[in-house]
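Read off the chains here:
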Amino acid sequence: MANLMYVANVSLDGFVEDERGGIGWTEPSDEVFSFFTELVRPVGTYLYGRRMYETMRVWETNPALAAQSRAYSDFATVWRGADKVVFSTELASVATSRTRIERRFDVRGVRRIKESARRDLTVGGAALAGEAFDAALVDEIHLVIYPIVLGTGKPAFRNRGRTRLDLVEERSFDGGATYLRYRVLH
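These numbers come from a predicted model, not from an experiment.

1. Some details on the layout of surface pockets
Estimates place the volume of the largest pocket at around 1200 Å³. Lining the largest pocket are 44 residues; nearest its centre among them are Asn9, Ile23, Met52, Thr55 and Met56. Broken down by element, the lining of the largest pocket gets its largest block of residues, 5 residues, from helix 2 (residues 50-56). Among the residues making up the lining of the largest pocket, the classes are represented as 26 nonpolar, 11 polar and 7 charged.

2. Quick look at the pattern of salt bridges
Within this structure, the stated rule accounts for 16 salt bridges. With its nearest N and O atoms 3.2 Å apart, the salt bridge here joins Glu17 to Arg51. Of this pair, Glu17 sits in strand 2 (residues 15-17) while Arg51 sits in helix 2, placing them 34 residues apart in sequence. Residue classification places Glu17 among the buried residues on the basis of a relative accessible area of 13%. Within the structure, one salt-bridge network assembled from shared partners comprises Glu17, Arg51 and Lys154.

3. Section: the nonpolar core
Within the largest apolar cluster, 32 residues are counted, with the highest numbers of intra-cluster contacts made by Val32, Tyr46, Trp59, Phe75, Trp79 and Val144. Looking at this core element by element, the count peaks at 6 residues for helix 1 (residues 30-40). Ala8, Val110, Ala129 and Ala135 belong to the second largest nonpolar core, which has 30 residues in total.

4. Things to note about the sheet that holds strand 3 (residues 45-49)
Spatially, the 8 strands line up as an open sheet ordered 5-4-3-6-1-7-10-9, and their pairing is mixed. The open sheet has two free edges, formed respectively by strand 5 (99-102) and strand 9 (164-172), since each of these has just one partner strand. Strand-to-strand twist of the sheet, defined as the mean angle between neighbouring strand axes without regard to direction, takes the value 20°.

5. Observations regarding the packing of aromatic side chains
Scanning all chains against the criterion turns up 14 aromatic pairs. Centre to centre, the rings of Trp59 and Phe75 are 4.9 Å apart; their planes meet at 70°, and the pair counts as edge-to-face. Here Trp59 is found in helix 3 (residues 58-61), whereas its partner Phe75 is found in helix 5 (residues 70-80), with 16 residues between them in sequence. The exposure class of Phe75 is buried, given its relative accessible area of 9%. Ring centres of Phe133 and Phe157 lie 5.8 Å apart, and the angle between their planes is 65°; on these two criteria the pair is classed as edge-to-face. Residue Phe133 is located in helix 7 (residues 126-134), and its partner Phe157 is located in the loop between strand 8 (154-155) and strand 9; the two are separated by 24 residues in the primary sequence. Phe133 sits in the buried class, given a relative accessible area of 11%.

6. Quick look at the side chain of Asp139
Relative to the helices and strands, Asp139 is located in the loop between helix 7 and strand 7 (140-146). In this structure the side chain of Asp139 is engaged in a polar contact, spanning 2.8 Å, whose partner is the side chain of Lys114. Other than its neighbours up to four places away in sequence, Asp139 contacts Ala2, Asn3, Leu4, Lys114, Tyr182, Arg183, Val184 and His186.

7. Notes on the pairing of strand 3
Consecutive side chains along a regular strand alternate between the two faces of the sheet. Of all the 5 residues making up strand 3, 5 are buried; the element is thus mostly covered by neighbouring parts of the structure. A two-sided burial pattern is seen for strand 3, the buried positions comprising Thr45, Leu47 and Gly49 on one face and Tyr46 and Tyr48 on the other. Judged from the 5 bridges that link them, strand 3 and strand 4 (residues 83-87) form a sheet pairing that is parallel. Across the sheet, residue Thr45 finds its bridge partner in strand 4, namely Asp83.

8. Quick look at the environment of Tyr48
Within the secondary structure, Tyr48 is located in strand 3. When the C-alpha positions of Tyr48 and Ala127 are compared, they lie 9.7 Å apart, and in sequence the two are 79 residues distant. Not counting residues up to four positions away in its chain, the partners in contact with Tyr48 are Tyr53, Met56, Trp79, Lys84, Val85, Val86, Phe87, Gly124 and Leu128. Among the polar contacts listed, one links the side chain of Tyr48 to the side chain of Trp79, at a separation of 2.8 Å.

Quick notes on the rules
Residues numbered from 1 in each chain as written. Predicted model: local features only at pLDDT ≥ 70, side-chain atom pairs only at ≥ 80, totals over all residues. Heavy atoms only, no water. 1 Å grid on protein atoms, 1.4 Å probe; cavity = no way out; pocket = protein on both sides within 12 Å on 5 of 7 lines; lining within 4 Å. Points joined across faces, edges and corners; volume = space filled by probe spheres on them. Helix = DSSP H or I, 4+ residues; strand = E, 2+ residues; numbered from the N terminus. Nonpolar A, V, L, I, M, F, W, Y, C, P; charged D, E, K, R; others polar. Salt bridge = Lys/Arg side-chain N within 4 Å of Asp/Glu carboxyl O. Buried < 20%, exposed > 50% of the residue type's maximum accessible area, 1.4 Å probe, protein only. Core = buried A, V, L, I, M, F, W, Y, C linked by side-chain atoms within 4.5 Å. Pairing = 2+ DSSP bridges. Axes fitted to C-alpha atoms, helices over the stretch in contact; angles between N-to-C directions. Phe/Tyr/Trp six-rings, centres within 6.5 Å; stacked < 30°, edge-to-face > 60°. Polar contact = N/O pair within 3.5 Å; in protein donor to acceptor, adjacent residues only side chain to side chain. Contact = heavy atoms within 4.5 Å.

Written out as structure tokens, the structure reads:
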């Protein structure tokens, strides 16, 4: 069975977006960007909420972005090479290949994807991740914590219950960002 990983950029006080929905404070250094690419290289499927998909689809729909650097090109290739499942009641169609829409988050359906997958999966978007946490589907949490306190915004964790974790990896980057990897204790 594949692992389901929650991967997120977060502020020191636990937000993934500021109060206006902005994520500009998460602009990664080249070192962090390359690290993220290696982190998701083995991923076979991304599970996204609509907003996270709309943020990420530029890696296929905007070729000028990938042309900016070798690192961007590498990430775009990795991203395009994975399947994407977008959970949305609003999205009428998708603009990227290897992408399908599901109208609702179906716990049994996601469990079947995990059981049949040969490669790990990620869940992106705090609300969708919260649903996956509530269903005890998340196996690992990968956070890059940026040295900023936002005070308010969208919290990284929206699950309703307590989740026990085991720290399995940590790393510091130039500029003050820190990576933490936790195993979820079920």
